[in-house]
Amino acid sequence: MMQRLTSAEKAPRTGSLFAIGPIPDLDPRLRIVLATVFALVVVGLSDLLALFLAVLVAGALLPLSGLPKKRTLKRMAGMDGFIIFTLILLPFSVPGTPMLSVFGISASWEGLWQAVEIALTANAVILALMCLVGSMEPVTMGHALHALRMPEQLVQLLMFTIRYIETLRSEYLRLRSAMKMRGFRPVTNWHTYRSFGYLIGMMLVRALERSERVLGAMKCRGFSGRFVLLESFQMRDRDWIFAAWMTTAMVLLVLLEAWHGIA
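Residues numbered from 1 in each chain as written. Predicted model: local features only at pLDDT ≥ 70, side-chain atom pairs only at ≥ 80, totals over all residues. Heavy atoms only, no water.

**A look at unusual backbone geometry**
The criterion, for reference: Runs of H or I in DSSP of at least four residues are treated as helices and runs of E of at least two as strands, each being numbered from the N terminus.
Positive phi outside glycine occurs at Arg 149, with the angle close to 65°. Structurally, Arg 149 is set in the loop between helix H6 (138-147) and helix H7 (152-181).

Dropping the structure here:
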């Protein structure tokens with residue numbers, strides 16, 4: 001099956017040579033590589049100052065990503081809702097210098113610092129991934145992974161999953177509506193458990209039937225098991241500048257971590 005790149009991939013990259021353009025205009029391969037390396041670097045950090053600066057670096061990517069700021073921050077807040085439990089519970093489970101005592105159970109400063117470290121690491125990594133990769137079209141991501149020599153079957157599985165997950169969701173909603181129209185109300189009994197079991201089984205059957213129809217339609221259009229791209233990615237000056245900026249930031253974070261470790 002021959003596919004063309006999306007308009008975002010083919011958009012001309014104009015502007016000043018020394019200006020970092022919007023992230024969606026950058027080479028998708030570069031964005032995936034930088035997101036992966038940045039995540040590995042941040043996970044390896046333990047100094048709180050370095051982690052805080054990593055969060056600032058990730059936050060600086062948000063205005064360039066093209067993502068809606070309010071929606072992105074709401075998603076981050078949803079993740080932080082789980083991290084709050086870590087901030088509350090971890091100080092009571094890590095031994096160390098007592099900070100306070102609740103009902104005879106002591107909370108340690110070491111546990112609090114570990115919880116803060118986890119929170120900063122998670123926020124920096126997730127925000128960077130959302131800005132660099134989350135603003136990428138699924139088809140673009142698949143093409144970029146293929147260009148990075150990822151296993152072709154894995155790339156195809158990813159692309160088909162993203163493409164048809166919404167279709168399966170629509171099928172699930174139709175089945176649930178049909179159950180409600182027949183008076184089904186979920187409660188805690190065996191009838192409810194059996195009904196949901198039938199629902200899952202019907203979902204699998206319909207997914208198999210749809211996959212066979214999709215495969216037949218693709219073969220009729222000449223699909224031979226490989227995606228042939230008519231255009232290839234190309235690194236531009238803006239890509240190299242952005243890569244240099246991100247590499248410099250990551251190197252500085254590593255040096256700050258090493259300097260505090262020596263000090």
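**What about the confidence of the model for the protein chain?**
Here is the rule: Each residue carries a pLDDT score, the predictor's confidence in it, ranging from 0 to 100. When checking whether two residues touch, look at their non-hydrogen atoms; a contact exists if any pair is within 4.5 Å.
Confidence in the prediction for the protein chain averages 82 pLDDT; 90% of positions are at 70 or higher. When mean pLDDT is taken per element in the protein chain, helix H2 (residues 28-43) scores highest with 93 and helix H1 (residues 7-10) scores lowest with 41. For residues 1-20, every residue scores under 50 in pLDDT, and the model assigns this stretch 47 contacts once sequence neighbours within four places are set aside.

**Things to note about a nonpolar patch on the surface**
What counts, and what does not: For patch building, the residue pool is restricted to those with more than 30% relative accessible area and no salt bridge; the joining distance is 9 Å between like charges and 5 Å between nonpolar side chains (Val, Leu, Ile, Met, Phe, Trp, Tyr). Only the protein chains shown count as cover for residues, and the accessible areas themselves come from Shrake-Rupley with a 1.4 Å probe. For salt bridges, the criterion is a side-chain nitrogen of Lys or Arg within 4 Å of an Asp or Glu carboxyl oxygen. In this scheme, a residue with accessible area under 20% of its type's maximum is buried, one over 50% is exposed, and one in between is partly exposed, where area comes from a 1.4 Å probe on protein chains only.
On the surface, Ile 84, Phe 85, Leu 87, Ile 88, Leu 89, Phe 92, Leu 100, Val 102, Phe 103 and Ile 105 cluster together to form a nonpolar patch covering roughly 990 Å² of accessible area. Of all the secondary structure elements, the ones that give two or more residues to the nonpolar patch are helix H4 (69-93) and strand E2 (98-102). Looking at the nonpolar patch, the element that brings in the most residues is H4, giving six residues. Structurally, the position occupied by Phe 85 is in helix H4. For Phe 85, a relative accessible area of 53% corresponds to the exposed category.

**Focus: the side chain of Thr 72**
Tracing the chain through its elements places Thr 72 in helix H4. On the accessibility criterion, Thr 72 (3% relative accessible area) is buried.

**Regarding the pattern of salt bridges**
Evaluation of the coordinates by the stated rule reveals four salt bridges. Two residues, Glu 171 and Arg 206, come together in a salt bridge whose shortest N-O distance is 2.4 Å. Of this pair, Glu 171 sits in helix H7 while Arg 206 sits in helix H8 (residues 190-220), placing them 35 residues apart in sequence. Taking relative accessible area as the criterion, Glu 171 reaches 8% and is therefore assigned buried. Arg 206 gets classed as partly exposed once you look at its relative accessible area, which sits at 33%. Residues Glu 171 and Arg 210 are paired through a salt bridge, measuring 3.9 Å at the closest nitrogen-oxygen approach. Here Glu 171, found in helix H7, pairs with Arg 210, found in helix H8; they are 39 residues apart in sequence, far enough to count as distant. Since its relative accessible area comes to 28%, Arg 210 is described here as partly exposed.

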